[in-house]
Every structure is written in C-alpha cells, then in structure tokens.
Amino acid sequence: MSDENKQSSQPENTSPPPPPVDSGGGPPPPPEQAAPPPPPRQDTPPPPPPPSGAKSSSGSKSDNVLMLILSYFGIFALIPLLVEKNDGEVQWHAKNGLCFFGAEIVLFVALMILSWIPFVGVVFGCALIPILSLLVLVLHIMAIIKATQGDRLMIPYVSDYVEKF
C-alpha cells in the first residue's frame, strides 16, 4: 500500500489535542474558552448605622435642630425644655430662650410705662421701641443661627441666669 492509501484509510481526528499535563505545580494553563466574568451586583448593602452617641433623645438630628429653633420663639421654648430632658445642649438653649423672653417682657413693660410720661413718652414711643424691637429680632436670629451651628450666643446679663434656672 502506498502512503496515500494509508492516510485515506485512517479517520481524520478533528478534536483538539488534550491539554498538556503540568507536573511542575505551576498554575494551570488558561482554558481556550474562558467564561465571561459575572455581572456586578446591583443590590448595595445598607449604610452602617450612625454612632450611638450622635443621636439625641428624640432620635434624629433634624428633631434636634427643630428644638433648638423653638428655643428662641418666646413661650414655645417650653416645648424643648419639657421634651428634651436628656439633651443638655437643647436644655441650655431652651433656658436661654426663656430668660431672653422674660427680659424682653420686662424691657417692653418698662418702655410702655415710660412712654406714658409726657414729652419723654414721645422719645420712647416713637423712636426707642421700634429700634429695640428690631434689635431683639436680630438677637433672636443670631441666637438661632449659632444654636444650629453648635455654638451659644451669650446675651449679657440674660445668659447669666441660665445656670441659675
């Protein structure tokens, strides 16, 4: 038989040769068809809880800010004073707001009494009361801003009574 007949009589091997076996202990050779990597996970884990010391007694920082703002709205300062008993910062601002409110009442009652005096009343009634009212409004706004930033507005002679309250 000739070489041509021998080749035609043998079936053709169409499968790829088996991968060589590595006895050296190295990494295996890469497969010919690697599977695509899995898609990234779409679900994200929940954020970690805030530290335990960061919460106020009511539970959130927005409630704390609301109580700090209420502290400087006159008689409404009683709400944070009675609700936030465990939060020292809110308690201080509520007491400061109540002392400030009491000082306002005393000041305006005194100005009203002085406004009844002839000739002097014109100065107090027409000029001093609107100016002092504007000053009190500015002090309230400054106290609220400082309270929400974590600071304290010390009002001379008024804030001294907060510690005694």
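Keep in mind the model is a prediction, meaning the values are calculated, not measured.

Asks: Sorry, what's going on with the overall build of the protein chain here?
Replies: Of the regular secondary structure elements, the protein chain holds 5 helices and 0 strands. Within the protein chain, residue pairs in contact and separated by at least 24 positions form 53% of the contacts whose partners lie at least 6 positions apart. Counting only carbon and sulfur atoms, one obtains 67% of the accessible surface of the protein chain, whose full area is about 12,700 Å².

Asks: Is there a simple way to explain the packing of helix α2 (residues 61–70) against helix α4 (residues 88–115) in this structure?
Replies: Pairs of packed helices are described in terms of their axes, by the angle between the two and the distance that separates them. One can describe the packing of α2 onto α4 by two numbers: an axis separation of 8 Å at closest approach and a directional angle of 20°. On the basis of their axis angle, the class for α2 and α4 is roughly parallel. In this structure, α2 crosses over α4, and the sense of that crossing is left-handed. Judged by residue contacts, Asn 64, Met 67 and Leu 68 of α2 engage Glu 89, Val 90 and His 93 from α4.

Asks: It is not clear to me how the side chain of Ser 159 should be interpreted in this structure. Could you clarify?
Replies: With respect to the helices, strands and loops of the structure, Ser 159 is situated in the segment after α5 (120–148). Residue Ser 159 is classed as buried on the basis of its relative accessible area of 4%. Within the local environment of Ser 159, its side chain forms a polar contact with the backbone nitrogen of Ile 155, the two atoms lying 2.8 Å apart. Beyond its immediate stretch of four places on either side in the chain, Ser 159 contacts Asn 96, Leu 153 and Met 154.

Asks: Please clarify how the pattern of salt bridges should be interpreted in this entry.
Replies: Oppositely charged side chains may form a pair once their charged atoms are brought near each other. The full count for this structure, using the stated rule, is 1 salt bridge. Arg 152 is paired through a salt bridge with Glu 89; the nearest N and O atoms lie 3.2 Å apart. Taken together, the residues Arg 152 in the segment after α5 and Glu 89 in helix α4 connect sequence positions 63 residues apart. Given a relative accessible area of 29%, Glu 89 falls into the partly exposed group.

Asks: Explanation requested: the nonpolar core in the structure shown.
Replies: Side chains of nonpolar character tend, in soluble globular proteins, to be buried together. With 15 residues, the main nonpolar core has Tyr 72, Phe 100, Ile 155 and Val 158 as its most contacted residues. Only α2, α4 and α5 provide two or more residues apiece to this core. Filtering out sequence-adjacent residues up to four positions away, Tyr 72 remains in contact with Trp 92, His 93, Asn 96, Gly 97, His 140, Ala 143, Ile 144 and Ala 147.

Asks: Explain the environment of Lys 164 here, please?
Replies: Within the element layout of this structure, Lys 164 appears in the segment after α5. Judged by relative accessible area, which is 67%, Lys 164 ranks as exposed. For Lys 164 and Lys 95, which are 69 residues apart along the polypeptide, the C-alpha to C-alpha distance reads 9.7 Å.

Asks: Honestly, α4 in this entry has me stumped. Any pointers?
Replies: Since the α-helix advances by 3.6 residues per turn, residues separated by three or four positions end up pointing in the same direction. Helix length check: α4 (28 residues) gives 40 Å between terminal C-alpha atoms against 40 Å at 1.5 Å per residue, within 8%. The set of residues buried in α4 consists of Val 90, Gln 91, Trp 92, His 93, Ala 94, Asn 96, Gly 97, Leu 98, Cys 99, Phe 100, Glu 104 and Leu 111. Near the N-terminus of α4, the side chain that reaches the backbone nitrogen of Glu 89, with its oxygen 3.3 Å away, is that of Asp 87.

Asks: Looking at this structure, I do not really get unusual backbone geometry. What am I missing?
Replies: Trans peptide bonds make up the majority, and among non-glycine residues the majority have a negative phi. Of note, Tyr 157 is a non-glycine position whose phi angle comes to about 70°, a positive value. Its location among the elements puts Tyr 157 in the segment after α5.

Asks: Looking at this model, I keep getting lost on the environment of Phe 100. Mind explaining?
Replies: Of note, Phe 100 is situated in helix α4. Judged by relative accessible area, which is 4%, Phe 100 ranks as buried. Through-space distance from the C-alpha of Phe 100 to that of Tyr 161 is 9.6 Å; in sequence the pair is 61 residues apart. In contact with Phe 100, not counting residues within four places along its chain, are Val 136, Leu 139, His 140, Ile 155 and Val 158.

What counts and how
- Residues numbered from 1 in each chain as written.
- Predicted model: local features only at pLDDT ≥ 70, side-chain atom pairs only at ≥ 80, totals over all residues.
- Heavy atoms only, no water.
- Helix = DSSP H or I, 4+ residues; strand = E, 2+ residues; numbered from the N terminus.
- Contact = heavy atoms within 4.5 Å.
- Areas by Shrake-Rupley, 256 points an atom, 1.4 Å probe, with all protein chains shown as cover.
- Axes fitted to C-alpha atoms, helices over the stretch in contact; angles between N-to-C directions.
- Parallel < 35°, antiparallel > 145°, perpendicular 65-115°, else oblique.
- Left-handed = near helix turned anticlockwise from the far one by under 90°.
- Buried < 20%, exposed > 50% of the residue type's maximum accessible area, 1.4 Å probe, protein only.
- Polar contact = N/O pair within 3.5 Å; in protein donor to acceptor, adjacent residues only side chain to side chain.
- Salt bridge = Lys/Arg side-chain N within 4 Å of Asp/Glu carboxyl O.
- Core = buried A, V, L, I, M, F, W, Y, C linked by side-chain atoms within 4.5 Å.
- Expected span 1.5 Å × (residues − 1).

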